Amino acid sequence: MISNWQRFIDFTRSLRFRLTVWNTLVVLVTVVIALISVREGLRYYLLVETDAILDDEVKEILLTFEKLYPDRDQVLASLRRKDEAHLDRDWHIRWLDEDGRTTIWASELAPKHPLTVKLGEHNGHSIWASETHRSIEREINSPNIPHYKIRVGTLMKFIDEDVDRLTRILAPVGLAILLLAPLGGLLLAERAIEPLQRLIRTTERLRASHLDERLELRGVGDELDQLAGKINTFLDEIADHLRKNRDFVANAAHDLRSPLAAIQSSVEVTVEKPRSVEEYEDLLFQINDEVHHLGQLVNQLLQLAESESTAAEIPMQPVPLREVITRTIEMFEPVAEERGVQLKFEPSDDIVVLGTPGQLRQVLTNLVDNAIKFSLTGSSVTVGLTWDSKPGFGLLTVADTGVGIPPEAVGRVFERFYQVERSRQRFGEKRGNGLGLSICQSIVHAHRGTIAVASQLGKGTTFTISLPLANPTT
Ligand SMILES: Nc1ncnc2c1ncn2[C@@H]1O[C@H](COP(=O)(O)OP(=O)(O)O)[C@@H](O)[C@H]1O
Ligand SMILES: [Mg+2]
């Protein structure tokens, strides 16, 4: 019992039910309005028609007056004849005095008193009406005849009867439509909902584990197609995201395993037989190297995870970039000197962005480290700081005249673990792991900024970072 009731409640909440109710209401209202319009239209048409016929009659009587007046007997006789001729149509004639109130003569069918409600004037005649009667009046406007008024009237019941007859014909039609409206409403609702249900059925098939299922587009470009398109794009993004994450874990595992494997094999080889102190020392140095690299890798992985998971909630504060740059340059000066690379910073506008000082230093460190690492002796690395052409943003650039990046690789340097193949060999003595730039990118994005790279093989590379200013109006 309860479940039936619940099912009913659920049904009343469904889109199908609500659409049915709405469609039905619209059909009903439209039909009722149409029927009323037809009825009232007919009544109006009949009234206009009747008025015209009555007016013709009045005009004829006026002519009779002109012809026979002042012979009152002849006039009266003519009026009686007319009256008799129209008996079957229930017309009545009234001859009023100049004051328009006193009846001089009236046919038997005429109401006792002349009608007193005037509806209006039209083409020289006036219309008089009551609930039961309707008359047309004209004034005699001939020289030698007093300004008598002549009315010819009829019963409203004829018009009402015609209208009622039409209503009786229309009523069954209206009733049929009233009964069929909910059915029509339901059919319309079904049609409207059908594609939605297909959408729901496909969505039910979607599984997080295999995201290759896509919603079908019907190709009509309506809202449902748009929705399906949006969901498909979203699914593409999720699938892409998942794939990248899987690659990331695989790469991370691989990169963590290789230093461990190196340590393991070195230790195994060394302990096979007794060794000299120098040999043990050598092993320890090797192990130290690998452990150092492992530590760095783990740190970077943590940074990456952190910058992604806390992207929304890092505490932002005004950071004067000039200070951050000066300190980083100082830190890298010895390394640059050792490699014969000239490190320059041209202090310029004092740009204060909104961010986290530690993270921004991290970005700069990674970029300057790369710039020095991928430069040959005699090259230069220049850090620049200006206003961005985009209002409210500051621009940080790190440009080197180093080895450059091949065009096909430029688009990939921000990918996790990506390294241009050549750099693994040539700059192998200082092992990176391909995470630096992706860390930079996720930090910059968390700061609501953008990072871009432009490079020419053999000429050099420029990284450009745009960050929101702390005080955008300055
Ligand atoms: N300034 C640069 N000049 C040339 N190549 C660069 C430069 N910066 C980055 N790259 C290329 O992009 C790759 C990814 O950089 P990064 O993510 O910092 O990894 P890593 O420095 O650990 O190799 C580098 O391996 C290198 O091939
Ligand atoms: Mg790097």
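Please refer to the structure higher up on the page.
The structure contained in this document is the topic of the report that follows. This is a predicted model, so every value here is computed, not measured.

Let's talk about the sheet that holds strand β11 (residues 393–400)
The sheet built from 5 strands is open, its strands ordered β8-β10-β11-β13-β12 with mixed pairing. Across the chains shown, the open sheet's two edge strands, defined by having one partner strand only, are β8 (342–345) and β12 (450–456). Neighbour to neighbour, the strand axes of the sheet diverge by 15 degrees on average, direction disregarded. Note that β11 and strand β13 (residues 460–468) share 8 bridges and pair antiparallel. Among the inter-strand pairings, T397 is bridged to a residue of β13, identified as T464. Lying over the sheet, helix α7 (residues 321–339) contacts β8, β10 (380–387) and β11, oriented at roughly 170 degrees with respect to β8. Contacts between helix α11 (residues 436–446) and the sheet are confined to β12 and β13, with β12 contributing the most and set at about 140 degrees to the helix.

Focus: the packing of helix α4 (residues 156–205) against helix α5 (residues 223–271)
At a closest axis distance of 10 Å, the pairing of α4 and α5 adopts a crossing angle of 10 degrees. Classified by the interaxial angle, the pair formed by α4 and α5 is roughly parallel. In this structure, α4 contributes A192, P195, L196 and L199 to the contact, and α5 contributes L224, L227 and A228. Across the contact of α4 with α5, the residue classes tally to 7 nonpolar, no polar and no charged.

A look at the site of ligand 1
In the vicinity of ligand 1, 20 residues are found, and the nearest of them are N370, D400, Q419, G434 and L437. Taking T461, its side chain carries an N or O atom lying 3.3 Å from a nitrogen atom of ligand 1. Expressed as a share of its isolated accessible area of 530 Å², the protein-covered part of ligand 1 is 96%. Among the elements of the structure, α8 (357–373), α11 and β13 are those that each provide at least two residues to the shell around ligand 1. Among the elements that make up the shell around ligand 1, the one with the highest residue count is α8 (3 residues). Counted by class, the shell around ligand 1 contains 9 nonpolar, 9 polar and 2 charged residues.

Observations concerning a nonpolar patch on the surface
A surface patch of nonpolar side chains, amounting to about 480 Å² of accessible area, comprises V32, I36, L175, L178 and L179. At 3 residues, the largest contribution of residues to the nonpolar patch is made by α4. Along the chain, L175 falls in helix α4.

The rules we used
- Residues numbered from 1 in each chain as written.
- Chains lettered and ligands numbered in written order.
- Predicted model: local features only at pLDDT ≥ 70, side-chain atom pairs only at ≥ 80, totals over all residues.
- Heavy atoms only, no water.
- Pairing = 2+ DSSP bridges.
- Helix = DSSP H or I, 4+ residues; strand = E, 2+ residues; numbered from the N terminus.
- Axes fitted to C-alpha atoms, helices over the stretch in contact; angles between N-to-C directions.
- Contact = heavy atoms within 4.5 Å.
- Parallel < 35°, antiparallel > 145°, perpendicular 65-115°, else oblique.
- Nonpolar A, V, L, I, M, F, W, Y, C, P; charged D, E, K, R; others polar.
- Near = heavy atom within 4 Å.
- Polar contact = N/O pair within 3.5 Å; in protein donor to acceptor, adjacent residues only side chain to side chain.
- Areas by Shrake-Rupley, 256 points an atom, 1.4 Å probe, with all protein chains shown as cover.
- Patch = residues over 30% accessible without salt bridge, like charges linked within 9 Å, V, L, I, M, F, W, Y side chains within 5 Å.
- Salt bridge = Lys/Arg side-chain N within 4 Å of Asp/Glu carboxyl O.

These results come straight from atomic positions and should not be treated as a statement about function.
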